Amino acid sequence: MSDQISRLTPFQIDALREVGNIGAGNSATALAQFLEREIKMEVPGARILSLEEIPEIMGGEERLVGCVLLRMLGEAPGKIVYLVDEKSMYRLLTLALGYEPQEISGEMEQSALQEIANILSGSFLNSINKMTGFNCVQSLPSFVLDMAGAVLGSIAAHEGQFGDQALFLETSFYEGDNKIFSKFFLIPEPGSLEKILGAIGAETDEQIDPGANG
Amino acid sequence: MSRLILVRMGELKISESPDFLGCTGLGSCIGLVIYDSQKKIGGLAHIILPEAGRNGNSPDKPGKYADTAIPKLIEDLCKAGAERNQLWAKIAGGAHMFSFDTDIGRIGERNTEKVREILKEIKVPLKGMDCGGKSGRTIKFCLESGELKIKTFHKGEKIV
């Protein structure tokens, strides 16, 4: 995986950023419909990060985050990770439930957050399918509320079995002036990136062997 | 003046009393302490995966894998003046953060098993552990007392 990612050209990174842009745009629309509010989004970034940087994305390893992990199954397998910070979880829940929740670790609150993430990731996946002509489906989401370092480190450890670097597409949403500080990542499995790039007409110049260098 | 030395993913560091060694936000990773309580010299490794072999060994980061971190930690400690036969270990981490049953769920468990297996093999006694479960941990090891303090979001603090 690290090899595959480090060989991406600026053109291909732009192409992936565009995939992220369209995907996140669809997610924002779906979220707006669900919450019956206007939702804006930040222009997403496509970033390549090393394993060690991952836990710091959410602003500190000990910070409480909500994380939903979904597996993307089909032609381009991978993972979709949706991360939201504590303040934004309260904001999202207030919008979704119609009242400000006392806590976020309750069953009701967790299930609402999981549902929101499901909507977001589902629409994200739909737009990838539309762009590529694939028929990828998503697994049931797994929700975790814990320290950023522990959550992201565990995901990074899994990616580390393939290489030392991971590719993230990230975006944040806004409801009015309230920033919903959230990150949305697509972590392709070895070979998947190549298939997505091929399907959207941004093939690699040289053939990449996904098995090379693990 | 005592310092708190933080050990990030894949790193390993050694120090001596009165310092503290710590890891923030351990999930499936393992925080492994090896300590000489006579000399009060100890080391901490923030291990990510069980074995280097099939992962394309990265010799610049021996702390990443259980099978490279343990020998390197012992080597560094002995160079710093620790006695090999006085060393003991404590471990924490190896949580199962995500509920669905895939490889990602088992990394913590495999890490714990591998570390315990190697420690047993090279005869470094395991004096305390707090592994598994579903919660992330932040750990702090006191090089004066040999106490390992563990903090979690859901279950508060404990000492092993």
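The structure we're discussing is the one just above.
Because the structure is a prediction, the values reported are computed rather than measured.

A.B. asks: Residue-level account of the interface of chain B and chain A, with values.
C.D. replies: Listed as interface residues are 30 residues of chain B and, on the opposing side, 31 residues of chain A. A buried area of about 2,600 Å², summed over both sides, lies between chain B and chain A, and 61% of it is on carbon and sulfur atoms. Where Lys151 of chain B meets Glu62 of chain A, a salt bridge forms, and the shortest distance between an N and an O atom there is 3.7 Å. Between chain B and chain A we count 5 residue pairs in polar contact (both at pLDDT 80 or more) in total.

A.B. asks: Break down the packing of helix α2 (residues 10-35) of chain A against helix α4 (residues 107-132) of chain A for me, with residues and values.
C.D. replies: Residue and element names in this part refer to chain A. Across the interface, α2 lies against α4 with an axial gap of 8 Å and an inter-helix angle of 140 degrees. One element, α2, and the other, α4, form an angle in the oblique class. Regarding α2 and α4, the two cross each other, and that crossing is right-handed. Together, Val19, Gly20, Ile22, Gly23, Ala24, Asn26, Ser27, Ala30, Leu31 and Phe34 of α2 and Ile116, Ile119, Leu120, Ser123, Phe124, Ser127, Ile128 and Met131 of α4 make up the contact between the two elements. Taken together, the residues of the contact of α2 with α4 break down into 12 nonpolar, 6 polar and no charged.

A.B. asks: Let's hear about the packing of aromatic side chains: which residues, and what values?
C.D. replies: Both the distance between ring centres and the angle between the ring planes are used here to describe each pair of aromatic rings. All names here are of chain B. Scanning the entire structure with this criterion turns up 3 aromatic pairs over all chains. On the numbers, 5.1 Å between centres and 70 degrees between planes, the contact of Tyr35 with Trp88 is edge-to-face. You can see Tyr35 sitting in strand β4 (residues 30-36) and its partner Trp88 sitting in strand β6 (residues 87-93), a full 53 residues away along the chain. With respect to burial, Tyr35 and Trp88 carry one shared label: buried. With centroids separated by 5.0 Å and ring planes inclined at 80 degrees, the aromatic side chains of Tyr35 and Phe141 adopt a geometry described as edge-to-face. With a gap of 106 residues between them, Tyr35 in strand β4 and Phe141 in strand β8 (residues 137-142) connect regions that are remote in the sequence. The burial state of Tyr35 is the same as that of Phe141; both residues are buried. Through successive ring pairs, a cluster of aromatic residues spans Tyr35, Trp88 and Phe141. In this structure, Lys140 is placed above the aromatic ring of Phe20, and the distance from its NZ or CZ to the ring centre is 4.9 Å.

A.B. asks: For the packing of helix α3 (residues 86-97) of chain A against α4 of chain A, give the residues involved together with the corresponding values.
C.D. replies: All names here are of chain A. In the contact formed by α3 and α4, the axes pass within 10 Å of each other and the chain directions differ by 90 degrees. In terms of orientation, α3 and α4 fall into the roughly perpendicular class. Contacts from Met89, Leu92, Leu93, Ala96 and Leu97 in α3 reach Met108, Glu109, Ala112, Leu113 and Ile116 in α4. Here the contact of α3 with α4 is composed, by residue class, of 9 nonpolar, no polar and 1 charged.

A.B. asks: With reference to specific residues and values, describe the sheet that holds β8 of chain B.
C.D. replies: All names here are of chain B. The sheet built from 5 strands is open, its strands ordered β1-β3-β8-β9-β10 with mixed pairing. Across the chains shown, the open sheet's two edge strands, defined by having one partner strand only, are β1 (4-6) and β10 (156-159). Between one strand and the next, the sheet's axes are offset by a mean angle of 20 degrees, whatever the strand orientation. Sheet topology note: the β8/strand β9 (residues 148-152) ladder contains 4 bridges and is antiparallel. Paired with Lys140 across the two strands is Lys149, which belongs to β9.

A.B. asks: Any details on the nonpolar core? Residues and values, ideally.
C.D. replies: With 36 residues, the main nonpolar core has Leu31, Met72, Ile80, Tyr82, Leu92 and Phe173 of chain A as its most contacted residues. Among the elements that line this core, the one with the most residues is α4 of chain A, at 8 residues. The residues contacting Leu31 of chain A, other than those within four sequence positions of it, are Ile39, Leu92, Ile116, Ile119, Leu120 and Phe173 of chain A. Within the second largest apolar cluster, 24 residues are counted, among which are Cys29, Ile48, Ile107 and Leu148 of chain B.

A.B. asks: Please provide a residue-by-residue account of the sheet that holds strand β8 (residues 173-175) of chain A, values included.
C.D. replies: Residues and elements named next belong to chain A. Across the sheet, which stays open at both edges, the 3 strands sit in the order β1-β8-β9 with antiparallel pairing between neighbours. Either end of the sheet is taken by a strand with one partner, and the two such strands are β1 (39-41) and β9 (178-180). Averaged over all pairs of adjacent strands, the angle between strand axes in this sheet comes to 35 degrees, irrespective of strand direction. Inspection of the sheet shows β8 paired to β9 by 3 bridges, in the antiparallel sense.

What counts and how
- Along each chain, residue indices are assigned from 1 in the same order as the chain's sequence is written.
- Going through the entries in the order they are written, you letter the chains from A and number the ligands from 1.
- It should be noted that, the model being predicted, local features are given only for residues of pLDDT at least 70 and side-chain atom pairs only at 80 or more, the latter also being counted only at that level, while totals for whole chains, interfaces and linings use all residues.
- As a convention, hydrogens and water are excluded, and side-chain values are obtained from all of the structure's heavy atoms.
- Residue contacts follow a heavy-atom distance rule, with two residues in contact if any of their heavy atoms lie within 4.5 Å.
- As used here, buried area is the combined drop in accessible area, with a 1.4 Å probe, of two parts when they are placed together.
- Think of a salt bridge as a Lys or Arg side-chain nitrogen and an Asp or Glu carboxyl oxygen that are within 4 Å of each other.
- Each polar contact in these results corresponds to two N or O atoms within 3.5 Å; when the atoms are within protein, one needs to be able to donate a hydrogen and the other to accept it, and residues that are neighboring in sequence are counted only if both atoms are side-chain atoms.
- Angles run from 0 to 180 degrees between N-to-C directions of axes, and those axes are lines fitted to C-alpha atoms, restricted for helices to the stretch in contact.
- Helix and strand definitions follow DSSP, with helices as H or I runs of at least four residues and strands as E runs of at least two, each counted in order from the N terminus.
- These descriptions rest on fixed angle ranges, namely under 35 degrees for roughly parallel, over 145 for roughly antiparallel, 65 to 115 for roughly perpendicular, and the rest for oblique.
- A clockwise turn of the near helix away from the far one marks a right-handed crossing, whereas an anticlockwise turn of less than a right angle marks a left-handed crossing.
- Side-chain classes are defined by residue name, with Ala, Val, Leu, Ile, Met, Phe, Trp, Tyr, Cys and Pro counting as nonpolar, Asp, Glu, Lys and Arg as charged, and the others, Gly among them, as polar.
- Each pair of aromatic rings taken from Phe, Tyr and Trp, with Trp reduced to its six-membered ring, is defined by centres within 6.5 Å and is described as stacked if the planes are under 30 degrees apart, edge-to-face if over 60, and tilted in the remaining cases.
- Type-normalised accessible area, obtained with a 1.4 Å probe on protein chains alone, sets the label of each residue: buried when under 20%, exposed when over 50%, and partly exposed for intermediate values.
- Two thresholds decide whether a charge sits over a ring: the Lys NZ or Arg CZ must be within 6 Å of the ring centre and within 35 degrees of the ring normal.
- Whether two strands pair depends on DSSP finding at least two bridges between them.
- In plain words, nonpolar cores are sets of buried Ala, Val, Leu, Ile, Met, Phe, Trp, Tyr and Cys residues tied together by side-chain atoms within 4.5 Å.

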